[in-house]
Amino acid sequence: MSSRAAPRICVLKGGLSAEREVSLSSGHECAKALRVAGFEVIELDARGDLVQRLIEIAPDVVFNALHGRFGEDGCVQGILEWLRIPYTHSGVLASALAMDKARAKAAFVGAGLPVVESRIAPKAEVMAAHLLPPPYVVKPNNEGSSVGVYLVQEGANSPPRLSDQMPAEVMVEAFAPGREMTTTVLGDRALTVTDILTDGWYDYDAKYKPGGSRHVLPADLPQDIFDACMDYALRAHKALGCRGVSRTDFRWDEEKGLDGLILLETNTQPGMTPTSLVPEQAAHCGIAFSDLCRLLVEDASCDR
C-alpha cells in the first residue's frame, strides 16, 4: 500500500450485469463499513470508463462489490491484474471457474463433492421437449442470485417457455428437493450453516427483499449434516481456488440422510446487503461487518 495516512480503497459496485441493483446496495454498505474501519473510500460504478477512472483514482486496493457477469466472472479481475492494483475476493481463474456452473460442477465432482445431474443445451431444445424428467430446473450457466431460474414442476405436460433474455445455451439440472442451506468460508475457515426458510422458491426476491426469507443460524441440523456442510463448503472453496470469502449453497433431503445433501453452487462474490447471508454468519461468529470488510481488504493482492 502507499504511504497515505489512510489507505485509499476504491469500492467497485453496480456494473453491467443483471445483478446491478444488488451490487449497488452491496457496494454502498461495504463503503460505509470501510469508512468506519478507518479507510479513505471512493465508490465507483463500474461502467465503460472503468480503466480510465481507476487510473485517475489510483487506489491502494480495489474492494470488489460487483455481482454477476463482468464483475464476478474473471473479467474485472483481469483488468485489475493488468493495472497491478491489489483487489479483494477471488482471482481470475477461480472467478471464471465458479461463474461457469458446468465447469464448477466438474471441479466439485473431481473433489468428491455431491452434485445433481445436469447438462448444457440450446435454448430451443429446452423449449421443445423435456430434456430431463420433471421436476428439473433451467437456468443460465453464468449468472447468479437466482436470475432467470425456471422450475419445471413434477407432472408438467410441456417444457418451459423461456424469456427472450435467457442466453442461447442454458443449464438443465435435476431438481434437488429439501431444505435450502448455505455456508460461508472466510479465508480458510468455514463459519457456520444457515437454514433458509421461504414460503416458496428461493428466488431473487426471496434473497434480497426484506422479509423475502427467514434465516435460522446456526441451522438446527443433525451433527453429521452440519459438519458435512462445513466440510463441503471448505473443500469447494479450495477446489475452485477461491480467495477471501465465498458462500456455498446446499439442498438437503432429510429422508435420505447424508446421501440427501447436495452441493448446488459456490458464489465468489456473495451479497453484502442488509439482508445478506455472509454478514449474518460473520456476526454470529463475532465478526462485525466493518471488521469483515477490513479483513477482506487486508487479504487483497494481485496474482490471486
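Each remark here, short or long, concerns the structure printed above.
Calculation rules
Residues numbered from 1 in each chain as written. Predicted model: local features only at pLDDT ≥ 70, side-chain atom pairs only at ≥ 80, totals over all residues. Heavy atoms only, no water. Helix = DSSP H or I, 4+ residues; strand = E, 2+ residues; numbered from the N terminus. Rg over C-alpha atoms; globule rule 2.2 N^0.38 Å. Buried < 20%, exposed > 50% of the residue type's maximum accessible area, 1.4 Å probe, protein only. Areas by Shrake-Rupley, 256 points an atom, 1.4 Å probe, with all protein chains shown as cover. Lys, Arg positive; Asp, Glu negative; His and termini not counted. Charge placed at Lys NZ, Arg CZ, Asp CG, Glu CD. Phe/Tyr/Trp six-rings, centres within 6.5 Å; stacked < 30°, edge-to-face > 60°. Axes fitted to C-alpha atoms, helices over the stretch in contact; angles between N-to-C directions. Parallel < 35°, antiparallel > 145°, perpendicular 65-115°, else oblique. Left-handed = near helix turned anticlockwise from the far one by under 90°. Contact = heavy atoms within 4.5 Å. Nonpolar A, V, L, I, M, F, W, Y, C, P; charged D, E, K, R; others polar. Pairing = 2+ DSSP bridges.

Novice: Explanation requested: the overall build of the protein in the structure shown.
Specialist: Across its full length, the protein holds 10 helices and 12 strands. In summary, the protein has a C-alpha radius of gyration of 19 Å against a globular reference of 19 Å for 304 residues, a match within 12%. Its C-alpha atoms put the protein at 65 × 45 × 35 Å along the principal axes. Counting only residues that meet the buried cut, the protein has 54% of its 304 residues in that class. As displayed, the protein offers around 13,000 Å² of accessible surface, 52% of which is attributable to carbon and sulfur atoms. Looking at the protein, you have 30 positive and 41 negative side-chain charges, and the mean spots of the two groups are 4 Å apart.

Novice: Hey, could you run me through the packing of aromatic side chains in this one?
Specialist: Where two aromatic rings form a pair, the distance of their centres and the angle of their planes describe that pair. Under the defined criterion, the tally for this structure stands at one aromatic pair. Between Tyr 232 and Phe 250, the aromatic rings sit 6.5 Å apart at their centres with planes inclined by 40 degrees, giving tilted as the arrangement. Note that Tyr 232 is positioned in helix H8 (residues 223-240) and Phe 250 in strand E11 (residues 245-252), a separation of 18 residues in sequence. Judged by relative accessible area, Tyr 232 falls into the buried class, the value being 12%. For Phe 250, a relative accessible area of 0% translates into the label buried.

Novice: What exactly am I supposed to notice about the packing of helix H2 (residues 50-57) against helix H3 (residues 75-83) here?
Specialist: Packed helices, taken two at a time, are described by the angle their axes make and the gap between the axes. The N-to-C vectors of H2 and H3 enclose an angle of 40 degrees; their axes lie 11 Å apart at closest approach. What the angle tells us is that H2 and H3 run oblique. Taken as a pair, H2 and H3 cross one another with a handedness that is right-handed. Here Leu 50, Val 51, Leu 54 and Ile 55 of H2 lie close against H3, whose contacting residues are Val 76, Ile 79, Leu 80 and Leu 83. Looking at the contact of H2 with H3 residue by residue, the classes come out as eight nonpolar, no polar and no charged.

Novice: Just to check I follow, could you spell out the sheet that holds strand E7 (residues 169-174) for this structure?
Specialist: Hydrogen bonds between backbone groups are what pair the strands of a sheet, and the pairing can be parallel or antiparallel. An order of E4-E7-E5-E6 is seen for the four strands of this open sheet, with the pairing classed as antiparallel. With one partner strand each, in any of the chains shown, strand E4 (118-122) and strand E6 (150-152) form the two edges of the open sheet. Strand after strand, the sheet turns through a mean of 25 degrees between neighbouring axes, direction not considered.

Novice: Teacher, can you tell me more about the pairing of E11 here?
Specialist: Successive side chains on a regular strand alternate, one facing one side of the sheet and the next facing the other. Among the eight residues that make up E11, eight are buried, leaving the element largely enclosed by the rest of the structure. Of the two faces of E11, the one lined by Val 245, Arg 247, Asp 249 and Arg 251 and the one lined by Ser 246, Thr 248, Phe 250 and Trp 252 are each fully buried. In this sheet, E11 lies alongside strand E8 (residues 179-186) in antiparallel orientation, the contact comprising eight bridges. If you follow Val 185 over to E11, its bridge partner there is Ser 246.

Novice: I would appreciate a short explanation of the sheet that holds E11 in the present structure.
Specialist: Taken together, five strands build an open sheet; the order of strands is E10-E9-E8-E11-E12 and the sheet is antiparallel. Across the chains shown, the open sheet's two edge strands, defined by having one partner strand only, are strand E10 (214-216) and strand E12 (261-267). Geometrically, the sheet is characterised by an average inter-axis angle of 30 degrees between neighbouring strands, direction not taken into account. With six bridges connecting them, E11 and E12 associate as antiparallel partners. Note on E12: the bridge partner recorded for Arg 247 is Asn 267.

Read these as geometric descriptors, not functional statements.
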